[in-house]
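Architecture and fold: a report
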Amino acid sequence: MPQELVERCELFLSKPLEQETLNEVFHLLKKYDLAAEEERVGRNQVMGKLFII
């Protein structure tokens, strides 16, 4: 995962969040390292929109 996205994720997760949001993040990160490059790019885009600081 790109370093910038990791940092934004850490900041995002440091805030109180609803369970639904936590579930969404979990599913985006689940088996991220095993996903094809194309799928990772798509997940990065979704997470980039979700982790707006």
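Being a predicted model, the structure only gives us computed values, none of them experimental.

1. Focus: the overall build of the chain
- Broken down by element type, the chain carries 3 helices and 0 strands.
- Going from the N terminus to the C terminus, the chain shows its helices and strands as α-α-α.
- Its C-alpha atoms give the chain a radius of gyration of 11 Å, near enough to 10 Å, the size a compact globule of 53 residues would have.
- By principal-axis analysis of the C-alpha atoms, the chain measures approximately 30 × 20 × 15 Å.

2. Quick notes on the pattern of salt bridges
- Applying the stated criterion across every chain, the model contains 3 salt bridges.
- When the shortest N-O distance is used, the salt bridge between R40 and E37 registers 3.7 Å. Of this pair, R40 and E37 both sit in helix α3 (residues 37–50), 3 residues apart, roughly one helical turn.
- We classify R40 as partly exposed; its relative accessible area is 24%.
- Put simply, R43 and E39 hold a salt bridge, and the shortest N to O gap is 2.6 Å. Of this pair, R43 and E39 are both found in helix α3, 4 residues apart, which corresponds to roughly one turn of the helix.

3. Quick look at the nonpolar core
- With 8 residues, the main nonpolar core is built from L5, C9, F12, V25, L28, Y32, M47 and F51.
- Here this core takes 3 residues from helix α1 (residues 3–13), the largest share from any one element.
- For F51, the residues in contact, after removing those within four places along its chain, are L5, R8, C9, F12 and V25.

4. Concerning unusual backbone geometry
- In this structure, K31 takes a positive phi of about 55° despite not being glycine.
- Relative to the helices and strands, K31 is located in the loop between α2 (19–29) and α3.
- Here K31 falls in the exposed class, since its relative accessible area comes to 55%.

5. Some remarks on the packing of α1 against α3
- Relative to each other, α1 and α3 sit at 45°, their axes nearing to 10 Å. The angle between the axes of α1 and α3 places the two elements in the oblique class. Once α1 is placed against α3, the crossing between them reads as left-handed. Side by side, α1 and α3 meet where L5, R8 and F12 of the first sit next to N44, M47, G48 and L50 of the second.
- Of the residues that constitute the contact of α1 with α3, the class distribution is 4 nonpolar, 2 polar and 1 charged.

Rules used in this analysis
- Residues numbered from 1 in each chain as written.
- Predicted model: local features only at pLDDT ≥ 70, side-chain atom pairs only at ≥ 80, totals over all residues.
- Heavy atoms only, no water.
- Helix = DSSP H or I, 4+ residues; strand = E, 2+ residues; numbered from the N terminus.
- Rg over C-alpha atoms; globule rule 2.2 N^0.38 Å.
- Salt bridge = Lys/Arg side-chain N within 4 Å of Asp/Glu carboxyl O.
- Buried < 20%, exposed > 50% of the residue type's maximum accessible area, 1.4 Å probe, protein only.
- Core = buried A, V, L, I, M, F, W, Y, C linked by side-chain atoms within 4.5 Å.
- Contact = heavy atoms within 4.5 Å.
- Axes fitted to C-alpha atoms, helices over the stretch in contact; angles between N-to-C directions.
- Parallel < 35°, antiparallel > 145°, perpendicular 65-115°, else oblique.
- Left-handed = near helix turned anticlockwise from the far one by under 90°.
- Nonpolar A, V, L, I, M, F, W, Y, C, P; charged D, E, K, R; others polar.

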